[in-house]
Amino acid sequence: MIEPRRARILVVDDDPRLIRLVREVLTAAGYAVVSRAGGEQAVQAAAVEQPDLILLDIVMKDFDGHQVCRRVREFSDVPIIMLTARIAEPDLLAAFEAGADDYITKPFSSKELLARVRAVLKRSRAAAAPSEEGRLVCGDITIDLGRRRVTAGDRPIYLTATEYALLLQLASHRDQVLLHEQLLTEVWGAPYRDDVDYLRSYIHHLRKKLEWDPSNPTLIVTVQGVGYMLATPAGVSTGLPR
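Only a predicted model underlies this, so the values are computations on that prediction, with no experimental measurement involved. (Residues numbered from 1 in each chain as written. Predicted model: local features only at pLDDT ≥ 70, side-chain atom pairs only at ≥ 80, totals over all residues. Heavy atoms only, no water.)

Would you mind going over the overall build of the protein chain with me for this structure?
Counting secondary structure elements, the protein chain contains 8 helices and 12 strands. Compactness check: the protein chain gives a C-alpha radius of gyration of 18 Å against a globular reference of 18 Å for 242 residues, within 12% of the reference. Each of the three principal axes of the protein chain carries a C-alpha extent, and together these read 60 × 45 × 30 Å. Counting every position in the protein chain, which comprises 242 residues, the buried fraction comes to 48%. A separation of at least 24 residues holds for 58% of the contacts in the protein chain among residues at least 6 apart in sequence. Carbon and sulfur atoms form 51% of the exposed surface of the protein chain, whose accessible area is close to 12,400 Å². Separation between the mean location of the 31 positive side-chain charges and that of the 33 negative ones in the protein chain comes to 3 Å. (Helix = DSSP H or I, 4+ residues; strand = E, 2+ residues; numbered from the N terminus. Rg over C-alpha atoms; globule rule 2.2 N^0.38 Å. Buried < 20%, exposed > 50% of the residue type's maximum accessible area, 1.4 Å probe, protein only. Contact = heavy atoms within 4.5 Å. Areas by Shrake-Rupley, 256 points an atom, 1.4 Å probe, with all protein chains shown as cover. Lys, Arg positive; Asp, Glu negative; His and termini not counted. Charge placed at Lys NZ, Arg CZ, Asp CG, Glu CD.)

Below you can see the structure in the form of structure tokens.
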């Protein structure tokens, strides 16, 4: 019997102690691990090793994790989790804008690390799985389910696996308010259900990609203290079955 391939994870950090710790935790959980200590090496490894997931430190000596993330996004959709001691909202938004799928704040526990890794890998596999044919349309936003592509009018929109999953969840329930807890559980998993600030950061970044005026959103609407809704513009027919 052929054994299933173990997920390969690339760990990038210039702290050898952290690499050793993360390697031990991931290896014990059944993952294959490769590691690099610098940004340039990380970009090369992402191309050559073709990992299923990258754990990427933001602060490194040659160039930072945001630069690495942008370089990798030029040729790969591999999910990327940022390792960061920075928890301010501008830092998190910078990570998402660079193309990151998730982040873990240092210091972190083995339990949290494995939960984040499993959740991101699950979302990535779901995004790569064959989907039903058809389209979801809301205003000028079109989601091609078969190809997993999103366009705004004629403009293609690049989304990470997590952003795509979030938009798909909203589009599948257009004109319906989805609770914070509901979105967090469906997209990220039960361990994330109370992390409203995390969801807020993702919504903010998704709006920057989809809305004509992100500061005055009309597509992804906030229902204060409750959740979010993907709103159909008045007078616009959609390809979404009601």
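Now that the structure has been shown, we can carry on.
Explanation requested: the sheet that holds strand β3 (residues 53-57) in the structure shown.
In a beta sheet, neighbouring strands are held together by backbone hydrogen bonds and run either parallel or antiparallel to one another. Strand order in this open sheet of 5 strands is β2-β1-β3-β4-β5, and the pairing throughout is parallel. At either margin of the open sheet sits one strand with a lone partner, and together these are β2 (32-36) and β5 (102-105). With strand direction ignored, the average angle separating the axes of adjacent strands in the sheet is 20°. The pairing of strand β4 (residues 80-84) with β5 spans 4 bridges and is parallel. Residue Thr-84 lies in a different strand from β5, and its bridge partner there is Thr-105. Against the sheet, helix α3 (residues 65-73) touches β3 and β4, its axis set at about 175° to β4. (Pairing = 2+ DSSP bridges. Axes fitted to C-alpha atoms, helices over the stretch in contact; angles between N-to-C directions.)

Sorry, what's going on with the sheet that holds strand β11 (residues 220-223) here?
In spatial order, the strands read β10-β12-β11; together these 3 strands make up an open sheet with antiparallel pairing. The outermost strands of the open sheet, each flanked by one partner alone, are β10 (178-179) and β11. By the bridge criterion, 2 bridges tie β10 to strand β12 (residues 227-230) in an arrangement that is antiparallel. The residue of β12 that forms the bridge with Leu-178 is Tyr-228.

Is there a simple way to explain a nonpolar patch on the surface in this structure?
A cluster of nonpolar side chains, namely Val-177, Leu-179 and Val-226, defines an oily patch on the protein surface of about 200 Å² accessible area. Within the secondary structure, Val-226 is located in the loop between β11 and β12. Residue classification places Val-226 among the partly exposed residues on the basis of a relative accessible area of 32%. (Patch = residues over 30% accessible without salt bridge, like charges linked within 9 Å, V, L, I, M, F, W, Y side chains within 5 Å. Salt bridge = Lys/Arg side-chain N within 4 Å of Asp/Glu carboxyl O.)

Can you walk me through the packing of aromatic side chains in this structure?
How two aromatic rings sit relative to each other is given by the distance of their centres and the angle of their planes. Applying the stated rule across the entire model yields 7 aromatic pairs. A ring pair is formed by Phe-96 and Tyr-202, whose centres lie 4.2 Å apart and whose planes are at 45°; its orientation type is tilted. Separated by 106 residues along the polypeptide, Phe-96 in helix α4 (residues 89-98) and Tyr-202 in helix α8 (residues 196-210) bring together distant segments of the chain. Among the residues examined, Phe-96 registers a relative accessible area of 1% and is labelled buried. Since its relative accessible area comes to 0%, Tyr-202 is described here as buried. Measuring from ring centre to ring centre gives 5.2 Å for Tyr-103 and Tyr-198, while their planes differ by 45°; the resulting arrangement is tilted. With Tyr-103 in strand β5 and Tyr-198 in helix α8, this pair connects stretches of sequence that are 95 residues apart. Site record: aromatic cluster; members linked through ring pairs are Phe-96, Tyr-103, Trp-188, Tyr-192, Tyr-198 and Tyr-202. (Phe/Tyr/Trp six-rings, centres within 6.5 Å; stacked < 30°, edge-to-face > 60°.)

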